[in-house]
Every structure is written in C-alpha cells, then in structure tokens.
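# Remarks on the overall topology
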There are 2 protein chains.
Amino acid sequence: MPYQTVKGMRDFLPEQAKKKQFIEDVLRKVFESYGYEPLQTPIVEEFDLLAAKGSGGEAIKEEIYWFKDKSERELGLRYDLTVPFARVVATNRMLQRPFKRYCISTVYRYDRPQAKRYREFTQADIDVAGVKSVMADFEILQASADAMRRLGFEFKITVNNRAFLEELARACGVREEQVKDAFRIIDKLDKIGEKEVRREFREKGIDDLLLEKIFVNSMENAKEKTGETESAKELAELMGLCKANGMSEVSLELSLARGLEYYTGNVFEIKLKEGPSVGAGGRYDKLIELYGGEATPAVGISFGVDRLFDALESELIIGPNTDVFIAPLTKEAGIEATKIAAKLRLQGISVEVDLAGRNIKKNFEYANKRGIPFMIVLGENELKSKKFNVKEMSSGKEKEFAFTDLNGFSKLVKGHN
Amino acid sequence: MPYQTVKGMRDFLPEQAKKKQFIEDVLRKVFESYGYEPLQTPIVEEFDLLAAKGSGGEAIKEEIYWFKDKSERELGLRYDLTVPFARVVATNRMLQRPFKRYCISTVYRYDRPQAKRYREFTQADIDVAGVKSVMADFEILQASADAMRRLGFEFKITVNNRAFLEELARACGVREEQVKDAFRIIDKLDKIGEKEVRREFREKGIDDLLLEKIFVNSMENAKEKTGETESAKELAELMGLCKANGMSEVSLELSLARGLEYYTGNVFEIKLKEGPSVGAGGRYDKLIELYGGEATPAVGISFGVDRLFDALESELIIGPNTDVFIAPLTKEAGIEATKIAAKLRLQGISVEVDLAGRNIKKNFEYANKRGIPFMIVLGENELKSKKFNVKEMSSGKEKEFAFTDLNGFSKLVKGHN
C-alpha cells in the first residue's frame, strides 16, 4: 500500500509549485513595494495563545491541530498568521512603529475536508500595527488591489465597518445578547440567501429592521437610524480614499460582518468576479493589548494563496528556468560539459547537463518536452575542435561557438530571453 | 505573563527575516540555474511514513513531534525533506526522470534545545532521482559549492563512500553485527577525538585495524585491504570530476560515515572553514523502493539554512526595499501622496507613505533610520504648485519635479539604485 499525503493536505508537484511560487513572488514584490517587511514565526505555537480570548477561545480546539509534547506542554499548529503577528507586536516593544510586515506561509485547520478546502493552506498577509489613521486601512486595500491586478484577476472589494454595524444593530432594536447571533447569520447571506436569513432571524427572535437596512445597503439610509458616528466617518473616509484613487472595484456591503470576533472597525473582503472570496481582513485595535502588549491599533488582510492558485492554475504557463541543455556523448564530454556549464552559470545563464547518459534522440525529446530553448551536443569531434554547435530548439537553427567564446554564446542566450 | 515562542523555536523579526530570505533567495537561484524545480509537500505526514524502515524506524518517536488527530490517525511533523521527496517519487510514477527538485522549507525535531539547535529549522535540499551515474553526485556537489561561494563563505567539502567504508570494515575484520556500532562511533570522531573513538572501539570489542586505515585517510592505503571495488571507483570518479572542475575545497575523509541508515554510496559533508557543518548528503539508492516505488537511484544534499543564517547574520547588511518615503502634511496631501505613490509603484519603484501623520522631523528621522534613499514632503504649497522637492537623504541635495513629471523622478531613483 503506497504512502499518501495526510487527508486534506496536498503536494505541489513542480508544475504546480512553480505556479504557486509565481503567485507568492508577485505578492511579495507588491508588498515590498509598499515598504512591508518580512516576519517569520514558527508553525507551532503554545495552545494558550491560539485559544486566547479575542483570538480563537477554547472552542478552537475543535477546529485546529493541537497536541501535547513529551513534556506535556499543550501546543498547536497556527490557524492564521494574525495571531502570531499580534504576539510578536505584543512581546517586542522595541519594534519600530508603525510596524508593517508581510508573511506568506502555511496555516492549519482541522476542517472537514471538501473540494477546495484544505487542512494545510498558504496565507499571504500584510498588517500595519501602530497606526490609528484610516490611511493604513486604505493602504491595505490599495496594496491588495495592486496585487490582484498584477496577478491578472478581475475582482471586487466590499467594505463595511464592524463598529458601525453594531451601532446599526442596536439602533434597530437588536438586543446586546443577540448581536453575535445576528452577525453570524448575516455573514451567511451569500451562502444561504435573503429568505433563509430572514427565517433564521425570526427563529432567534431578532428584530428584522436591521435586515431592511442592510438590504437597502446605503449609508444615508442606515444613518437615518444611527445618526453620524465616528465609525460611519471612518468607513466614509476609507471609501473616499478609494474613490480618489479610482478604485472602482470597491463598494459598500453593509452585510459584511466578518465572523472573527477581533475586528473593531473597517472590514473588507476581496472576491473574484463571479468567484470565491480570496482575501479578507479589517481593523483589530484591541487584540495586541489582549495579548499583553501596549494598546496598539492594527489593521491587515489575509489572502488565501490556495484559492488564488486554484483559480489561476489552468491559465498560468510558466516556462522552464533552464536556458541551455548540454548533452554529452562520452564520459570525457561529460567532464567538459560540467566545465562549460559552470562558466555559463557564472554569466547568469541557467544550464542543465544530461546526467543520465541518454542518447541524442532521447535528450532532444527531453529538452523539447521541457521547453528548454537551446541545446548543445558534445561529442568527440567537439572535444577535438574545441567548438560546439548550439541549436535553437524553436527554429532548428544552429550556430557554432568556440569553447573560449562563451561570452558570445551568452549574448545569444540573453538576447533570446 | 506574555506569550512566548514554543521552546526551541524562534521568530525571525524583519531585520533577521530579510537576511534569511536573502540566503534562501541565493540558494533558490543557484538551484534553478542547474535546472532543479520546486516541490512543496505538507509539513504534516502520516506517522507510518516517518517511522518506515529505511527512514526513521519506530525509534524516531523519541525524536519527533507526533500526535493523533481527532480521527485517531497517527501523524507527525516531518523531520527532513528527503522522506517526503522519496514518498513523492515513489507514488508519482508519471514524474519525468531524471526528477530534479529543490525544496526550501521547515522541518521539526524534538531535540533537547541548546544553543544553535532548534526544534523548528529550515532546510534547503536538492535531490536527483532516476540517475545512477556519478555525474549526478557531482552535480549535487558542484551546485552546493556554487551556493556556498555565492553566499561568500569559505568552506570545505569532505567526501566518502558508504559502501566502500562497509567493505573496508569487513576487510578489516569488523563483524557484520558490529558495523552499525562502528559507524556510529566513527561518526563522532570530530566531536570526541581519536583517543575516545579508540576507547569506544575497544569497549565494543571492534577490531581497530579499521581505525588505522581511516586515520591514514588514503584510498591507496585502504585499497590494500579491499582491492579495487565498484564503490572505490565511484568515489574516485566523483573526486576526479571535482578535480577537473578545480574544486580545491573537496577532500577525501574516510571517517565520514553519515549516521542515517539510508545512504548506499557516495556521501558528503560541507563545513564552514573552522566552523560547523552546514550541509550533508549522499546517495540513497534503496529508499524509494522501500516506500513502494519502482527501484530508483537517488542522490541529494540538505543545507541547514539556520546554520548559514547564524554564521552570516552579523555580517550581512540588507538595505531597505523602499526607495522613496512620502511625508504628507495634511489630509489632502495624504490623498495626493497615495496617488503619486501608486504611479511610482507602477514604474517599479518602492514607495512608503507616512500613515501615522507624524511631523516632518519625526518622518525625517524615520526615513533616515530605515536607510530610505529619497524623501518627499507634501504640504499645501506643493498641492498648489503641483510640484514637489525630492531630498536625496545621503547628500541632502534637493531637486524639484512636477506632479506630471514622475518619469523624470523615476529615472533619478533608478539611477541611484
């Protein structure tokens, strides 16, 4: 019986891994172009942190991998990148503020495995700690939209404000103890539809005036109940900055509640046009303090890299990294091949040498299949004349170079790229 | 009480993470220049795989993180990247051969934590599956030496052949059941010294003729006992290829046994000059078959990225990614700043905008401390004239640009880089 991957987890074979890396490289480059810096934290965290108030709570046990180590310490695999980020900010008070970091790494959830839901998946996060201004909320959205555009996606961004939604709920007669249930139900609107949301509200005895306001989805209309508030202003400022920057993908969505308890202000979600949610986040001004740090406002977003990968996999075509394939015909030619390859690599050219001692036909098929643009065959004649022919695989054209003229050959290869 | 990282694991704060990423980027680039392609496999594997014969064995339980999931499946955190690689090759028979892959990722060991020993650490591996020829062993060493040079290290590489060492042991009168113990003791030579190795051999009743041969450390001398053998030829061929390529860092080390049981042929180790081991590997021709795959020869190496990081941390200086810092003085200037920043980023320039609304002095200090080369202050005057001054931080020189002349400004920035 062959060994398999753990249920709900998957391998990325080279063709897939190259595509996933391409996506991660684009995200990293965009994040760095906004001044975000990398932070790496362990996959394993103390269970107490993962289950802390404000993050997962004890109930998280059902949804994550947790275990005791040989010293009976309770540990768990992190289920997001925000909790470790908040821990780092809480415990490293000398960190420069604002602290702007990105992190692209795996997280773990013990979800019921289903199509396109994984128990190990990669998130790409940016967060800003230490800035109260909506400028930070906007930058998160600007960088997110930038990333989505550079990946070639059509997308939409919905925004709301968690505090305003709470104010609206209260103003609509939702009782304090009903707010959590109300938001949990509203969050499912996309999945279960308006009718079912209304039914669940009735079932829980929650005043459905809130639903009327949410379905109208207009700040002017909602403010008839709440009046002008700080949180309404924050949301308006965020939308104003988006508008000033021509971000037509951004729209208000009063039903966006975001399940996670730690959000305190503006919240946002990114969806593919006619597709799934690929990113979400918001402002969480209390979490770092809850972890024992100084009171520190924070805002951020998480991208689901697996979702981006699943959406792009069939469209992306990533060429080979290899520029040149060298096929030696004899042992002596093999030695010469390793030397020529070394010199070419010093010039920034990527070279593969046949290691398997295959014949010309097989090597030609291999180079062709891999899409390698140039091929060199080295045999006794070449060793004697100290010259080799380079075949451009796409045209079949050949050109001769002396072993001592690798600069000329490098120029040819670089001209091709 | 503040939350901490799990014992034996560590955070890489941005200054450190940038250095670690630099090392990983260099390794990746070198590996790709030899035609190696990425493979990503889960951190979590079935315990049965981790404890399989040929890899860890049941005893591995003491040395790794393992646990049961909520369905009572036994799982564990991978302790190296070779086992998952061999699993992938064994179970994906349609993979192109030779299969050349790299992987740079974390692995986990439940070691007693001590200085410079971590329970989560990063390995960088390259492996070739499907090639019996010593050309593959050599390529692994060539790529390794290349990587070490590009990282600026002085280093040495020692090589041996595991099968030859076994032949030598037998020829020197070491009994079959003593071979494992003998190798385990020899492996400690660096740590415990010649005298202690001799003592342990005596204690176990192992013939010390093997030690004489090993300490002389000459193939000619050793072959007086074994005669010419296949494994001696493989070792000679590897050393010959290294010599032909001028790799003076490579030398024979007959005491190199490599603890792991799965090695079958040439083995190698990379050490910093006067420093610790930073990489090791060898040929393991049986492992893939043991995992249920077709008989497939394989060879590879693992670099310890944490060791490389610890050796380089104090020497590396990584500049900021940010080219330009924009400090807006008013809310309106803030909006303009986001627009200018967006245009500059489209030209490949990395721009940070002050999000915190600090005054000029504080922003100047911040940009200076971060080493950002250019700074722009945007106030009412700038908005009115639609021009801004760019200060080159190193010289203090200023130059004026119109909001509409961002191309001219981009050229200035790119010229600086």
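Just so we're clear, the structure is a prediction, and the values are computed from it rather than from any experiment.

Reading guide: rules and limits
Residues numbered from 1 in each chain as written. Chains lettered and ligands numbered in written order. Predicted model: local features only at pLDDT ≥ 70, side-chain atom pairs only at ≥ 80, totals over all residues. Heavy atoms only, no water. Helix = DSSP H or I, 4+ residues; strand = E, 2+ residues; numbered from the N terminus. Rg over C-alpha atoms; globule rule 2.2 N^0.38 Å. Buried < 20%, exposed > 50% of the residue type's maximum accessible area, 1.4 Å probe, protein only. Areas by Shrake-Rupley, 256 points an atom, 1.4 Å probe, with all protein chains shown as cover. Lys, Arg positive; Asp, Glu negative; His and termini not counted. Charge placed at Lys NZ, Arg CZ, Asp CG, Glu CD. Contact = heavy atoms within 4.5 Å. Pairing = 2+ DSSP bridges. Axes fitted to C-alpha atoms, helices over the stretch in contact; angles between N-to-C directions. Least-squares fit on C-alpha atoms with pLDDT ≥ 70 in both. Salt bridge = Lys/Arg side-chain N within 4 Å of Asp/Glu carboxyl O. Buried area = accessible area lost by both parts, 1.4 Å probe. pLDDT = per-residue confidence, 0-100. Expected span 1.5 Å × (residues − 1). Bend = angle between axes of the 7 residues up to and from the residue. Parallel < 35°, antiparallel > 145°, perpendicular 65-115°, else oblique. Left-handed = near helix turned anticlockwise from the far one by under 90°. Polar contact = N/O pair within 3.5 Å; in protein donor to acceptor, adjacent residues only side chain to side chain.

Scanning chain A from N- to C-terminus turns up 16 helices and 16 strands. Taken against the 2.2 N^0.38 rule, which gives 22 Å for 417 residues, the C-alpha radius of gyration of chain A at 28 Å runs more than 25% over that of a compact globule. Referenced to the eigenvectors of the C-alpha coordinate spread, the extents of chain A come out at roughly 90 × 55 × 45 Å. Expressed as a percentage of its 417 residues, the buried residues of chain A come to 57%. By element, 48% of the accessible surface of chain A is carried by carbon and sulfur atoms, the whole surface being about 17,700 Å². For chain A, the distance from the average site of its 67 positive side-chain charges to the average site of its 68 negative ones is 4 Å.

It is worth spelling out the environment of arginine 73 of chain B at this point. Topologically, arginine 73 of chain B is positioned in the loop between β3 (66-68) and β4 (74-77). Judged by relative accessible area, which is 26%, arginine 73 of chain B ranks as partly exposed. Distance from arginine 73 of chain B to glutamate 46 of chain B, taken between C-alpha atoms, is 7.9 Å for residues 27 residues apart in sequence. Apart from residues no more than four positions distant in its own chain, arginine 73 of chain B is found in contact with Lys7, Tyr110 and Arg119 of chain A together with Phe67 and Lys68 of chain B.

A few words on the sheet that holds strand β13 (residues 351-353) of chain A. Across a sheet, paired strands are connected by hydrogen bonds in the backbone, their directions being either parallel or antiparallel. Residues and elements named next belong to chain A. Overall, mixed pairing links the five strands, which are arranged β13-β12-β14-β15-β16 in an open sheet. The open sheet terminates on both sides in strands that have one partner only, identified here as β13 and β16 (398-402). Within this sheet the neighbouring strands show an average axis-to-axis angle of 25°, counted without direction. Strand direction decides the pairing type here: strand β12 (residues 324-328) and strand β14 (residues 374-378), joined by five bridges, are parallel. By the bridge assignment for β14, alanine 327 is matched with valine 377. Strand contacts of helix α14 (residues 360-370): β12, β13, β14 and β15 (387-392), with the helix running at about 165° to β14, the strand carrying the most contacts.

What follows covers the relation of the copies chain B and chain A. Mapping between the two copies of the chain is achieved by a rotation about an axis and a shift along the axis. Overlaying chain B with chain A gives an RMSD of 0.0 Å, the required rotation being 180° about an axis along which the chain moves by 0.0 Å. Those values place the two copies in the arrangement expected of a two-fold rotation axis. Proximity to the rotation axis, assessed at the C-alpha, singles out phenylalanine 67 of chain B in chain B; its C-alpha lies 3.1 Å from the axis. Both copies present the same face, since 100% of the interface residues in chain B are matched by interface residues at the equivalent positions in chain A.

Turning our eyes to something else, we now look at the pattern of salt bridges. Residues and elements named next belong to chain A. Under the definition given, this model contains 84 salt bridges over all chains. In this structure, the salt-bridge partner of aspartate 69 is arginine 73, at a minimum N-O distance of 3.1 Å. Lysine 271 is the salt-bridge partner of aspartate 190, the closest N and O atoms lying 2.0 Å from each other. Of this pair, aspartate 190 sits in helix α7 (residues 189-204) while lysine 271 sits in strand β9 (residues 266-272), and the two are 81 residues apart along the sequence. Of the residues examined, aspartate 190 reaches a relative accessible area of 62% and is grouped as exposed.

A few words on unusual backbone geometry. All names here are of chain A. Between arginine 97 and proline 98 the backbone carries a cis peptide bond, its omega angle lying at -10°. Following the sequence through the fold, proline 98 ends up in the loop between α3 (82-91) and β5 (99-108). If you check the backbone angles, glutamate 72 has positive phi at about 65° while not being a glycine. Tracing the backbone shows glutamate 72 in the loop between β3 (66-68) and β4 (74-77). A positive phi angle, near 55°, is found at glutamate 274, a position not held by glycine. By secondary structure assignment, the location of glutamate 274 is in the loop between β9 and β10 (277-283).

Residue and element names in this part refer to chain A. Here we have three strands laid out as an open sheet, ordered β2-β4-β3, and antiparallel in their pairing. Looking at the sheet topology across the chains shown, the edges are occupied by β2 (44-46) and β3. Adjacent strand axes in the sheet meet at a mean angle of 35° when their direction is disregarded. Pairing between β3 and β4: three bridges, direction antiparallel. Looking at the pairing, phenylalanine 67 lines up with leucine 75 of β4.

The interface is formed by 103 residues belonging to chain B together with 103 residues belonging to chain A. Per-residue buried area on chain B facing chain A is highest for Tyr3, Gln40 and Leu355 of chain B; these three make up 11% of the total on that side. Linking chain B with chain A are 10 salt bridges. Ionic pairing is found between arginine 370 of chain B and glutamate 37 of chain A, a salt bridge with its closest N-O pair at 2.8 Å.

This brings us to the side chain of aspartate 146 of chain A. Of note, aspartate 146 of chain A is situated in helix α4 (residues 134-150). According to the relative accessible area criterion, aspartate 146 of chain A is buried, its value standing at 8%. Here aspartate 146 of chain A is in contact with Val30 and Tyr34 of chain A together with Arg345 of chain B, once residues within four sequence places are set aside.

A separate point is the confidence of the model for chain A. Of the residues in chain A, 98% have a pLDDT of 70 or more, and the chain-wide mean is 94. Among the prediction metrics, the complex's ipTM stands at 0.95, with pTM recorded as 0.96.

With that settled, consider the pairing of strand β10 (residues 277-283) of chain B. Where a strand is regular, its side chains alternate between the two sheet faces. Residue and element names in this part refer to chain B. Counting buried positions along β10 yields seven of seven residues, so the element is predominantly enclosed. Where strand β9 (residues 266-272) and β10 come together, five bridges link them in antiparallel fashion. Bridged to lysine 271 within β10 is serine 277. Here β9 hands over to β10 after four residues, with glutamate 274 in that stretch at a positive phi of 55°. Sheet topology places β10 next to strand β11 (residues 298-304); five bridges connect them, and they run antiparallel. Paired with glycine 281 across the bridge in β11 is isoleucine 301.

Residue and element names in this part refer to chain A. Between its first and last C-alpha, α7 extends only 16 Å over 16 residues, short of the 22 Å set by a 1.5 Å rise per residue. Along α7, the sharpest kink reaches roughly 75°, centred on lysine 195. Backbone geometry just downstream of α7 places glycine 205 in the positive-phi region, at approximately 70°.

Residues and elements named next belong to chain A. The geometry of α7 relative to helix α8 (residues 209-216) is characterised by a closest axis approach of 10 Å and an angle of 150° between their N-to-C directions. Considering the angle they form, α7 stands roughly antiparallel to α8. The element α7 and its partner α8 pack so that their crossing is left-handed. Counted together, Leu189, Glu194, Val197, Arg198 and Phe201 of α7 and Leu210, Leu211, Glu212 and Phe215 of α8 form the full contact between these two elements.

This part covers the side chain of glutamate 120 of chain B. In this structure, glutamate 120 of chain B sits in strand β6 (residues 120-129). The side chain of glutamate 120 of chain B sits in the buried core without any salt bridge; arginine 78 of chain A is the nearest counter-charge, 6.4 Å away. Separated by 2.9 Å, the side chain of glutamate 120 of chain B and the backbone nitrogen of isoleucine 43 of chain A make a polar contact. Within the structure, the side chain of glutamate 120 of chain B is placed 2.7 Å from the side chain of tyrosine 108 of chain B, a separation counted as a polar contact. The contacts of glutamate 120 of chain B, once residues within four sequence positions are left out, are Thr41, Pro42 and Ile43 of chain A together with Gly8, Met9, Thr106, Val107, Tyr108 and Asp306 of chain B.

Right, let's get into the environment of arginine 370 of chain B. Locating arginine 370 of chain B in the fold gives a position in helix α14 (residues 360-370). Once residues within four sequence positions are removed from consideration, arginine 370 of chain B is found in contact with Gly35, Glu37 and Gln96 of chain A together with Pro320, Thr322 and Glu352 of chain B. Side chain to side chain, arginine 370 of chain B and threonine 322 of chain B meet in a polar contact 3.4 Å long.

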